[in-house]
Number of protein chains: 2
Amino acid sequence: MKALWLENNQISMREIAQSNKPGEALIKIRKAGICSTDLELVKGYYPYKGILGHEFVGEVVSAPDASWVGQRVVGEINAVCGKCEACLNGRPTHCENRTVLGISNRDGVFAEFTSLPLENLYRVPDSVPDEQAVFVEPLAAALEIQQQMQIHPTDRVLLVGAGRLGQLIAQTLALTGCDLHVVARHAFQREILSARGIRTIAEENIQPQKWDMVVEATGSPDGFNLARRAVRPRGTMVLKSTYKGGMNVNFSSIVVDEINIIGSRCGPFEPALRLLEKREVDPGVLISDQYKLQDSLKAFERAAQAGVLKVLLEN
Amino acid sequence: MKALWLENNQISMREIAQSNKPGEALIKIRKAGICSTDLELVKGYYPYKGILGHEFVGEVVSAPDASWVGQRVVGEINAVCGKCEACLNGRPTHCENRTVLGISNRDGVFAEFTSLPLENLYRVPDSVPDEQAVFVEPLAAALEIQQQMQIHPTDRVLLVGAGRLGQLIAQTLALTGCDLHVVARHAFQREILSARGIRTIAEENIQPQKWDMVVEATGSPDGFNLARRAVRPRGTMVLKSTYKGGMNVNFSSIVVDEINIIGSRCGPFEPALRLLEKREVDPGVLISDQYKLQDSLKAFERAAQAGVLKVLLEN
C-alpha cells in the first residue's frame, strides 16, 4: 500500500506492506488530518520512524469480530496493555507499555490502511460526515481539559493561541458558559472565532493576574509567559502544547501565588462524538485544504505555511 | 523597644519605637521562631527593610476590643484589605493590598511587641504551651496542602525534604493515613521521623513515576528534579518552598505525563490549633535551641548551621 514514511527527519511516499496485525482490526483510511505534532515529529521533536499520522476516519475491512466489518470508525491513538498499574487505575492513555498511532512504535494513518485493536475503535454516527469525524481525536484532546478539572460557568477563562488545537479548545470551552476570551495572533483566526460568537482579546488589553484559568495552546515560551502573567493567584494554567527544550521559569512566584499548572494531552472520544452528532461544535471551519494521499508531501508543505489550519488527506 | 532590624542584607539589634498601630492590637511577644524564610530574607531573597520575624505566640496588651486584653494569641501573618477581588472571593491570603508580618511592609515579631489587626488573632487554648503554639503558623502552612487538594488514604505520597517545614508536613500528612515516605538528607532528621513512626526512604530506593503525590520541601533544583522523576503520570507535585532564581524545566514531559504542579504557601490557623490541642502533632521535637531576644544575632547564626531545625527567641 502507499504510505507516508518518516525516517531521519525526512518524509517520503513509499510502498509498504499492508499492516494487518493479528488480533486487530484492519481499517481503510477515508480521511486523515495533519496535526502540529506531525510537523514537529518531522522536525525531530521525538525520535519516530514509520508511517506518520494519527487523526483519521476510516472503514473496518477486517476484524476479529465480524460485526465491525463495514463500520465507519475513528480510533483512540493509544494502544494499551490493560495490565499495568496505569491501565488498572483508569489511566489507560498513560499505559506504561503503550504504543501510539503514528507517534510511538505503531504505524500511523497517512496510508491506505491502518491497524488498531477493536477496543480503540468508536463507531461514527451516520449523521456525522467524514470532514467532521476526522476531527474527533483533536476534539477529544480539547475536551481533556474539562475531563481534568471543573470549569465554573462564572470563571474568567483566557485561551492563548487559536491554531489547529486552539480553535477546537475555544469551541468546547465556549459550551461551558464561562467568560471566555481568546488571544489569536492572526486576523483569519479571529474571524473564525468571531463567526461563532467567541470573543477575542488583544494582548495589550489582558488584565494581569485576573484570570481564573488560562489555557496555553501555542507551545511557545512567549505564550507560556503571557499565560503566567494573566492567571490570578490560586488560578490554573493548563498546558495543551509541548515545548521545544526546557523553559526557564520562576517557581518562587508560582509558590507565593499558589498557581496550579497542569499538563493536558489525549482526551475522551465518546463526548467528542456526541458533540459532533449534536452539532454543538463545527471543526469543519478549520479545513484549509484537502489533498490526495499520493500528494502527501505537498500537503505537508501546505500545512506548515502560516495562515493554514487543518489540511486533510483523502484516499 | 528592642528589635531585630533587617536592612541591606544586614541584621542588627536596635532600639525601635513601639509599633502600636491605630485600630490594631498591641501584642507582647512571648516566643518567636526563626524560619527558613527569615534566613532567606537576610540573604536578600526579597527586598524587605524592617523588623524580621513572623512566627510567634504572644499576649494582647491593648486592643480596640478590651475583651482581647490578656489573651494569649497567635496571628495570621497576612494583614488584608477585605475589599479587593481576592478578599471578596475567599482568598484573603492573596489580598492585592496585603502587608505581611516581618516579610512585606509590616514590622515583624523579633521584638518586644508587635501589632496586628484583631481579625488576624487566634486565642491559644490553655492546654497548648508556648513551645507548641509558636509553631501554629508553619503548621498552618503544612495544612495548606490538605486545604488545596484531596489526599486519598490509599495515596502513595513522597515528601522530599525533612527540614523545619518538612517535619511539620510529615506529621500532618501522616494523619491522613496515606502511604507516606520521606526523603531526609540528615540522620537526625530521619531519627525524629522514625520516633513518630513515619517511614523514610533512601533516594536510591525511590521508584520512578510511581508516586501519586510528591511534596517538594527542599527549595532546591535537586529536590524539584527528584520530585519530578518520582511522580506518576497524572500525579501531583506540591511545591512548598521558594527557589532562588529561575529553574529550567522540561514542560513537554509535564504535558505528555499530564502532571499537576501546585504552589502552596500560607494555610489555615484554626485546624493547626485543633491538632495541637488534641496532641495529634508535636512540633516541640523540632526545637534545637532557644535564645533571649537580645541574643538574636547568635540565634540567627545557630539557625543557619547544618543539623539545626527550629531556633526560638524568647522575651
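Conventions adopted
Residues numbered from 1 in each chain as written. Chains lettered and ligands numbered in written order. Predicted model: local features only at pLDDT ≥ 70, side-chain atom pairs only at ≥ 80, totals over all residues. Heavy atoms only, no water. Domains from an automatic or database assignment. Salt bridge = Lys/Arg side-chain N within 4 Å of Asp/Glu carboxyl O. Polar contact = N/O pair within 3.5 Å; in protein donor to acceptor, adjacent residues only side chain to side chain. Helix = DSSP H or I, 4+ residues; strand = E, 2+ residues; numbered from the N terminus. Nonpolar A, V, L, I, M, F, W, Y, C, P; charged D, E, K, R; others polar. Least-squares fit on C-alpha atoms with pLDDT ≥ 70 in both. Contact = heavy atoms within 4.5 Å. Buried < 20%, exposed > 50% of the residue type's maximum accessible area, 1.4 Å probe, protein only. Core = buried A, V, L, I, M, F, W, Y, C linked by side-chain atoms within 4.5 Å. Pairing = 2+ DSSP bridges. Axes fitted to C-alpha atoms, helices over the stretch in contact; angles between N-to-C directions. Parallel < 35°, antiparallel > 145°, perpendicular 65-115°, else oblique. Left-handed = near helix turned anticlockwise from the far one by under 90°. Phe/Tyr/Trp six-rings, centres within 6.5 Å; stacked < 30°, edge-to-face > 60°. Lys NZ or Arg CZ within 6 Å of the ring centre and 35° of its normal. Arc of directions from axis to C-beta.

Moving on, we come to the domain arrangement of chain A. Residue and element names in this part refer to chain A. Taken as a whole, chain A is organised into domain 1 (2–123 + 282–314) and domain 2 (140–263). Computed from C-alpha coordinates alone, the two centres of domain 1 and domain 2 are separated by 27 Å. Here domain 1 and domain 2 share 0 salt bridges between them. Here domain 1 and domain 2 share 4 residue pairs in polar contact (both at pLDDT 80 or more) between them. With 4 residues, helix α1 (residues 36–43) is the single largest residue contributor to the side of domain 1 that touches domain 2. Of the residues belonging to the side of domain 1 that touches domain 2, the class tally is 10 nonpolar, 2 polar and 4 charged.

This next bit is on the relation of the copies chain A and chain B. Its rotation angle being 180°, the transformation that places chain A on chain B also includes 0.0 Å of axial translation and leaves an RMSD of 0.0 Å. What the rotation and shift describe, once combined, is the action of a two-fold rotation axis. Across chain A, the smallest distance between a C-alpha and the rotation axis is recorded for Asn-248 of chain A, namely 2.1 Å. Interface overlap between copies is the fraction of interface residues in one copy that are interface residues in the other; for chain A against chain B it reaches 100%, indicating a shared surface.

Residue and element names in this part refer to chain B. Summarising the element assignment, Ile-34 is placed in strand β3 (residues 25–34). For Ile-34, a relative accessible area of 0% corresponds to the buried category. Considered as a pair, Ile-34 and Ala-299 are 265 residues apart in the sequence and their alpha carbons are 8.3 Å apart. When residues no more than four places from it in sequence are discounted, the contact partners of Ile-34 are Leu-39, Glu-55, Phe-110, Arg-164, Ala-299, Phe-300, Ala-303, Lys-310, Val-311 and Leu-313.

A separate point is the nonpolar core. Formed by 44 residues in total, the largest nonpolar core has its most connected members in Leu-158 and Phe-251 of chain A together with Leu-158 and Phe-251 of chain B. When sequence neighbours within four positions are dropped, the list of residues in contact with Phe-251 of chain B reads Phe-224, Leu-239, Tyr-243, Met-247, Val-249, Phe-251 and Ile-261 of chain A.

Residue and element names in this part refer to chain A. Among the secondary structure elements, Leu-193 is positioned in helix α6 (residues 187–195). Among the residues examined, Leu-193 registers a relative accessible area of 1% and is labelled buried. In this structure, the C-alpha to C-alpha distance between Leu-193 and Gln-167, residues 26 residues apart in sequence, is 7.4 Å.

So, about the environment of Thr-154 of chain A. In this structure, Thr-154 of chain A sits in the loop between α4 (136–148) and β11 (156–160). When the C-alpha positions of Thr-154 of chain A and Thr-176 of chain A are compared, they lie 9.3 Å apart, and in sequence the two are 22 residues distant.

On to the sheet that holds strand β1 (residues 2–7) of chain A. The sheet built from 3 strands is open, its strands ordered β2-β1-β4 (chain A) with antiparallel pairing. The sheet is open, and its two borders are formed by β2 (10–15) and β4 (50–51) of chain A, each paired with just one other strand.

This brings us to the pairing of strand β12 (residues 179–183) of chain B. All names here are of chain B. Burial analysis of β12 places 4 of its 5 residues in the buried class, the great majority of the element. For strand β11 (residues 156–160) and β12, the ladder comprises 5 bridges, and the chain directions are parallel. Paired with Arg-156 across the bridge in β12 is Asp-179.

Helices that pack against each other are described as a pair by the angle of their axes relative to one another and the distance between those axes. Residues and elements named next belong to chain A. Relative to each other, α4 and helix α5 (residues 164–174) sit at 50°, their axes nearing to 9 Å. Classified by the interaxial angle, the pair formed by α4 and α5 is oblique. In this structure, α4 meets α5 at a crossing whose hand is right-handed. Contact with α4, carried on its side by Pro-138, Leu-139, Ala-141, Ala-142, Leu-143, Ile-145 and Gln-146, involves Leu-165, Leu-168, Ile-169, Thr-172 and Leu-173 of α5 and no other residues of that element. The residue makeup of the contact of α4 with α5, split by class, is 10 nonpolar, 2 polar and no charged.

Now for the packing of aromatic side chains. Tallied over the entire structure, the rule returns 11 aromatic pairs over all chains. Residues Phe-224 of chain A and Tyr-243 of chain A carry aromatic rings whose centres are separated by 6.2 Å and whose planes lie at 90° to one another, so their mutual orientation is edge-to-face. Of this pair, Phe-224 of chain A sits in helix α7 (residues 221–230) while Tyr-243 of chain A sits in the loop between β14 (231–239) and β15 (247–249), placing them 19 residues apart in sequence. What makes Tyr-243 of chain A buried here is its relative accessible area of 3%. With centroids separated by 5.8 Å and ring planes inclined at 80°, the aromatic side chains of Phe-110 of chain B and Phe-300 of chain B adopt a geometry described as edge-to-face. Of this pair, Phe-110 of chain B sits in the loop between β8 (99–100) and β9 (113–116) while Phe-300 of chain B sits in helix α10 (residues 296–303), and the two are 190 residues apart along the sequence. Using a relative accessible area of 0% as the deciding quantity, one classes Phe-110 of chain B as buried. Residue classification places Phe-300 of chain B among the buried residues on the basis of a relative accessible area of 5%. Sitting above the plane of the Phe-113 of chain B ring, Lys-28 of chain B keeps its charged end 5.4 Å from the centroid.

All names here are of chain B. Here the structure, examined in full by the defined rule, presents 42 salt bridges over all chains. Two residues, Glu-7 and Lys-49, come together in a salt bridge whose shortest N-O distance is 4.0 Å. With Glu-7 in strand β1 (residues 2–7) and Lys-49 in the loop between α1 (36–43) and β4 (50–51), this residue pair connects regions lying 42 residues apart in the sequence. For Glu-314, the salt bridge is made with Lys-31, and the minimal N-O distance between the two is 2.7 Å. With Glu-314 in strand β18 (residues 310–314) and Lys-31 in strand β3, this residue pair connects regions lying 283 residues apart in the sequence.

The next thing to look at is helix α6 (residues 187–195) of chain B. All names here are of chain B. Of all the positions in α6, only Gln-189, Ile-192 and Leu-193 are classed as buried. Buried residues of α6, viewed axially, fall in a sector of 95°; they line one side. Turned more than 90 degrees off the buried face of α6, the exposed positions are Glu-191 and Ala-195. Buried positions along α6 lie against α5 (164–174) and β12. The positive-phi residue at the C-terminal boundary of α6 is Gly-197, with phi of around 75°.

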